[in-house]
Amino acid sequence: MKLIFAGTPEFAAQALQAIVDAGHEVMLVLTQPDRPAGRGMALQPSAVKRVALAHGIEVFQPATLRDADAQARLAACAAEAMVVAAYGLILPQAVLDLPRHGCLNIHASLLPRWRGAAPIQRALLAGDAQTGVCIMQMEAGLDTGPVLLREALPIAGDDTTASLHDKLADCGARLIVEALSRLPLPAMAQPEEGVTYAHKIEKAEAAIDWTKSAAELDRHLRAFNPFPGAQAQLAGQTVKLWAASPCAGNGRPGEILAIDRQTLVVACGEGALAIRELQKAGGKRLPVQQFLAGNPLRVGDLFTAAG
């Protein structure tokens, strides 16, 4: 098929690669403008742009799709469908109406649960037992369109946002290729019950509230791994906690109850966390034994909330 693809991060790049590998003709790739990144803050292309350039596909990086010139450029492609995955711009109705088969969105949740920007993190924070991918026919509302294909995946007890992202990216890439091969597909309207919204993740949310239960904080650490990292204060310094598991324990929330070579056991509002990996501001992620070598701690020391 003749396609337009719109997306920005690695989740979308994997889908673009799968579409190219399946033999579709991608006429144009839309992605967010290059952003400064790294120590030198040099402009960096998005993951999608890198894939597009590697295949010699024309790249378009408009600030908006609401102006007539941008819409005319899309219309000139005469695409049969437009695939959208984590693009970052709102598609106005004029754009949604351009392709013969409309615009198909790859969404990383089981709609109508977790419509919006951060479905992977929100599913982990909520303790959902499963998530998945939906291929949705886009309409003007926020992730409200009918679903063409869906596939559920279990959320493992040790899944982080990073590991779950990779599973869902694989699933999304496979599912969009299947959907394109079967168009037109019957569309199933989303039920009115069960709607939740996955609001954008804010850095301030990463602060650990030690009065919460160990089970909640375990999900908290996994949801904010790799970004922005769950944060606490220890001896006046910000520390990120990367790996832990709930365990038995009782004490003041944030109090270190036990120390050994593999773990720091820290009391929570209910139960305790056995922490295995930490990182000081400006430092590297370290297992407990290496962290303690440069940061001696004692039973009774106290983690507090960051910020």
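Everything here concerns the structure above.
For every chain, the first residue of the written sequence is number 1, and numbering continues from 1 along that sequence. Only residues with pLDDT of at least 70 are given local features in this predicted model, and only at 80 or more are side-chain atom pairs given and counted; all residues enter the totals for whole chains, interfaces and linings. The basis for the side-chain values is all heavy atoms of the structure; hydrogens and waters are excluded.

**Student:** Please clarify how the nonpolar core should be interpreted in this entry.
**Tutor:** For soluble globular proteins, the rule of thumb is that nonpolar side chains tend to be buried together. Ranked by internal contacts, the top residues of the largest apolar core, which has 44 residues, are F5, I106, I135 and I176. In DSSP terms, a helix is any run of H or I states spanning at least four residues, a strand is any run of E spanning at least two, and both are numbered starting from the N terminus. It is helix α6 (residues 161-182) that provides the largest number of residues to this core, a total of eight residues. Any two residues having at least one pair of non-hydrogen atoms within 4.5 Å are treated as being in contact. F5 has contacts with A12, A15, L16, I19, V26, L28, V29, L30, V48, V83 and A85, leaving out every residue within four places of it along the chain. Take the buried residues of types Ala, Val, Leu, Ile, Met, Phe, Trp, Tyr and Cys, join any two whose side-chain atoms come within 4.5 Å, and each joined set is a nonpolar core. Using a 1.4 Å probe on the protein chains alone, a residue whose accessible area is under 20% of its type maximum counts as buried, one over 50% counts as exposed, and one in between counts as partly exposed. If you look at the next biggest cluster of nonpolar residues, it comprises 23 residues, including W210, A230, A244 and L278.

**Student:** Just checking my understanding: could you explain the pattern of salt bridges for this structure?
**Tutor:** Proximity of charged atoms lets side chains of opposite charge pair with each other. By convention in these notes, a salt bridge is any Lys or Arg side-chain nitrogen within 4 Å of a carboxyl oxygen on Asp or Glu. Taken as a whole and assessed by the stated rule, the structure comprises eleven salt bridges. Here D128 makes a salt bridge to R113, at a shortest N to O gap of 2.8 Å. You can see D128 sitting in the loop between α5 (119-126) and β9 (130-137) and its partner R113 sitting in the loop between β7 (103-107) and β8 (115-116), a full 15 residues away along the chain.

**Student:** Mind showing me how you'd approach a nonpolar patch on the surface here?
**Tutor:** Think of a patch as exposed residues, more than 30% relative accessible area, with no salt bridge, where like charges cluster within 9 Å and nonpolar side chains (Val, Leu, Ile, Met, Phe, Trp, Tyr) cluster within 5 Å. Surface accessibility follows the Shrake-Rupley procedure with a 1.4 Å probe radius. Residue values consider only the protein chains on display as shielding. A surface patch of nonpolar side chains, about 260 Å² in accessible area, is lined by L142, V195 and Y197. Looking at where Y197 falls in the secondary structure, it is placed in strand β11 (residues 197-198).

**Student:** What's the story with the side chain of D159 in this structure? I'm lost.
**Tutor:** Along the polypeptide, D159 turns up in the loop between β10 (147-154) and α6. Polar contact criterion, stated in full: a pair of N or O atoms within 3.5 Å, where within protein one must be able to donate a hydrogen and the other to accept it, and residues adjacent in sequence count only if both atoms are side-chain atoms. A distance of 2.9 Å separates a polar side-chain atom of D159 from the backbone nitrogen of A156. Among the polar contacts made by the side chain of D159, one reaches the side chain of S163 at a distance of 2.7 Å. For D159, the residues in contact, after removing those within four places along its chain, are L124, P154, L164, K167 and R222.

**Student:** Is there a simple way to explain the packing of aromatic side chains in this structure?
**Tutor:** Where two aromatic rings form a pair, the distance of their centres and the angle of their planes describe that pair. To pair, rings of Phe, Tyr and Trp, with the six-membered ring standing in for Trp, must have centres within 6.5 Å; the planes then decide the type, stacked if under 30 degrees apart, edge-to-face if over 60, and tilted in the middle. On inspection of all chains with the given rule, the structure shows one aromatic pair. Between W210 and F303, the ring centres sit 5.5 Å apart and the planes meet at 40 degrees, which makes this aromatic pair tilted. On the criterion of sequence distance, the pair formed by W210 in the loop between β11 and α7 (214-223) and F303 in strand β18 (residues 303-305) is long-range, its members being 93 residues apart. Taking relative accessible area as the criterion, W210 reaches 4% and is therefore assigned buried. The buried category is assigned to F303, whose relative accessible area is 1%.

**Student:** Even after reading the chapter, I still don't get the packing of α5 against α7, so can you show me in this structure?
**Tutor:** Geometrically, a packed helix pair is captured by the angle between its two axes and the distance between the axes. Axis definition: a line fit to C-alpha positions, over the contact stretch in the case of helices; interaxial angles, taken between N-to-C directions, run 0 to 180 degrees. For the pair α5 and α7, interaxial distance at closest approach is 8 Å and the crossing angle is 165 degrees. Here α5 is positioned roughly antiparallel relative to α7, judged by the angle of their axes. Classified by chirality, the crossing of α7 by α5 is right-handed. Residues Q121, L124, L125 and A126 of α5 touch α7, and the partners they reach there are R219, H220, R222 and A223. The nonpolar class holds Ala, Val, Leu, Ile, Met, Phe, Trp, Tyr, Cys and Pro. Asp, Glu, Lys and Arg form the charged class, and all remaining residues, Gly among them, are polar. Among the residues forming the contact of α5 with α7, the class breakdown is four nonpolar, two polar and two charged. Note on terminology: angles under 35 degrees are roughly parallel, angles over 145 are roughly antiparallel, angles of 65 to 115 are roughly perpendicular, and the others are oblique. Left-handed describes a crossing whose near helix is turned anticlockwise from the far helix by less than a right angle; the clockwise case is right-handed.

**Student:** I keep staring at the sheet that holds strand β5 (residues 59-60) and nothing clicks. Help me out?
**Tutor:** Backbone hydrogen bonds are what pair the strands of a sheet, in a parallel or an antiparallel way. What the seven strands build is an open sheet, ordered β5-β2-β1-β6-β7-β9-β10; its pairing is mixed. Either end of the sheet is taken by a strand with one partner, and the two such strands are β5 and β10. Two strands are said to pair when DSSP picks up at least two bridges between them.

**Student:** I would appreciate a short explanation of α5 in the present structure.
**Tutor:** The periodicity of an α-helix, 3.6 residues per turn, causes residues three or four positions apart to be oriented the same way. Along α5, six of the eight residues are buried, which leaves the element largely enclosed by surrounding structure. On its buried side, α5 packs onto β7, β8, α6, β11 and α7. Following α5 by one or two positions, G127 has its phi on the positive side, about 75 degrees.

**Student:** Could you clarify how one ought to interpret the environment of A22 in this entry?
**Tutor:** The residue A22 is located in the loop between α1 (10-21) and β2 (25-30) in this model. Relative accessible area serves as the criterion here: at 40%, A22 is assigned to the partly exposed category. The spacing of A22 and A267 is 245 residues in sequence and 52 Å in space, taken between C-alpha atoms.

**Student:** Teacher, can you tell me more about the environment of T160 here?
**Tutor:** With respect to the element layout, T160 can be found in the loop between β10 and α6. Put simply, T160 and K200 are 40 residues apart on the chain and 17 Å apart in space, counted from C-alpha to C-alpha. When residues no more than four places from it in sequence are discounted, the contact partners of T160 are L124, R222 and N225.

Read these as geometric descriptors, not functional statements.
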